[in-house]
Amino acid sequence: IGVVSCIMFLFHDFFRQASFLPTITNTNGFSFRSAIFANIATSTLPVMHRSGGPFWEPGTYQAYLILGIVFSLLPIFSHKERRRRLVIYFLSLIFTSSTTGYMAAIPLIIGYVLSGKRISMKYKLILTMACVFTGFYIFLNEDVFSLLFGKVYDENHSYLSRMYSL
């Protein structure tokens, strides 16, 4: 599901116009192209250029991605399989543009890095510093901050996202 949703996100403009995919219209009249495992809004509004995976609402998808990340961190998978799953889940999570997803992923990343026995102290320090600098970058760059946290202050952005999900 994560791979399909990533592909559909990356080629959003193509899939948005793909007439071979069925079109689904929700109760508010907003349309989506569906590939079963991923939906793409047919709207050209920038607020709708987010990956919702098999759901219409990216916030719902991020909740399942976070669960997938948590389960992938369990020692039931080989190191190679765990890494492959985490890359797919994190890419999918990035494409949701979900503030809640990002905030839920940060403690998971930090906890994983700091608790890793195979990870050297030098690598842990580099990753921790990267997280700190990324945090500063997000809070100091108005465009990025607005993209991630703008809906907290702008009722219309959140409203449109929720309307598309009905």
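My aim in this report is to walk through the structure given alongside it, one point at a time. (Residues numbered from 1 in each chain as written. Predicted model: local features only at pLDDT ≥ 70, side-chain atom pairs only at ≥ 80, totals over all residues. Heavy atoms only, no water.)

### Focus: the overall build of the chain
Cut-off, in case you're wondering: Under the DSSP-based scheme used, a helix requires at least four consecutive residues in state H or I and a strand at least two consecutive residues in state E, with every element numbered from the N terminus. Relative accessibility under 20% of the residue-type maximum defines a buried residue, over 50% an exposed one, and the middle range a partly exposed one, all with a 1.4 Å probe and only protein chains included. Note that accessible areas follow from Shrake-Rupley with a 1.4 Å probe, and for residues the cover is restricted to the protein chains shown.
Each helix and strand counted, the chain has eight helices and three strands in total. When the 166 residues of the chain are sorted by exposure, 36% land in the buried category. Total accessible area computed for the chain in this model is approximately 10,300 Å², and 69% of it derives from carbon and sulfur atoms.

### Some remarks on the packing of aromatic side chains
The following threshold applies: Pairs were defined over the aromatic rings of Phe, Tyr and Trp, the Trp ring being its six-membered one, requiring ring centres within 6.5 Å. Orientation was assigned from the angle between planes: stacked under 30 degrees, edge-to-face over 60, tilted for the rest.
Summed over the entire model, instances satisfying the criterion amount to five aromatic pairs. Taking the centre distance of 4.3 Å and the plane angle of 20° together, the rings of F9 and F95 count as stacked. Residue F9 is located in helix α1 (residues 2-10), and its partner F95 is located in helix α4 (residues 79-96); the two are separated by 86 residues in the primary sequence. Taken individually, F9 and F95 each receive the classification buried, so the pair is uniform in this respect. Geometrically, the ring pair formed by F14 and F15 is edge-to-face, given 5.1 Å between the ring centres and 75° between the ring planes. For F15, a relative accessible area of 15% puts it in the buried group. Each member of the aromatic cluster is reached from another via a ring pair, and the members are F14, F15 and F20.

### Some details on the layout of surface pockets
If a probe as big as a water molecule is rolled over the atoms, it shows which places are left empty. The criterion, for reference: Note on definitions: the grid is 1 Å and covers protein atoms alone; a cavity is a set of points where a 1.4 Å probe fits but cannot get out; a pocket is an open set with protein on both sides within 12 Å along at least five of seven lines; lining residues have an atom within 4 Å of a point. Grid points are joined across faces, edges and corners, and a volume is the space filled by probe spheres set on the points. Note on residue classes: Ala, Val, Leu, Ile, Met, Phe, Trp, Tyr, Cys and Pro are nonpolar, Asp, Glu, Lys and Arg are charged, and everything else, Gly too, is polar.
A volume near 1,200 Å³ is recorded for the largest pocket. F90, A105, I109, I110 and C131 are, among the 37 residues lining the largest pocket, the residues nearest its centre. Where the lining of the largest pocket is concerned, the elements lending two or more residues are α4, α5 (99-115), α6 (121-140) and α7 (142-153). In terms of residue count, α5 provides more of the lining of the largest pocket than any other element does, eleven residues in total. Partitioned by chemical class, the residues of the lining of the largest pocket number 27 nonpolar, six polar and four charged.

### With respect to empty space enclosed by the protein
This model, assessed by the stated rule, comprises two cavities of 30 Å³ or more. Within this model, the second largest cavity holds a volume of roughly 30 Å³. Listing elements by their share of the lining of the second largest cavity, those giving two or more residues are α5 and α6. The biggest single contributor to the lining of the second largest cavity is α5, with four residues. Each residue belonging to the lining of the second largest cavity can be placed in one class, and the counts come to six nonpolar, one polar and no charged.

### Examining α1
Test applied: Arc definition: directions from the helix axis to the C-beta atoms. Throughout, a contact is declared for two residues whenever any of their heavy atoms are within 4.5 Å.
Buried within α1 are the following residues: G2, S5, C6, M8 and F9. What you see down the axis of α1 is that its buried residues fit within an arc of 165°, all on one side. At its buried positions, α1 is contacted by α2 (12-16), β2 (31-34), β3 (39-41), α3 (58-72) and α4.

### Some remarks on α4
An α-helical segment advances 3.6 residues per turn. Residues three or four places apart therefore align on the same side. Stated formally: Helix span is expected to be 1.5 Å times the residue number reduced by one.
Over its 18 residues, α4 runs 26 Å from end to end, which matches the ideal 26 Å to within 8%, given 1.5 Å per residue. Taken together, the buried positions of α4 are occupied by R82, L86, S92, L93, F95 and T96. Considering only its buried residues, α4 is in contact with α1, α3 and α5.

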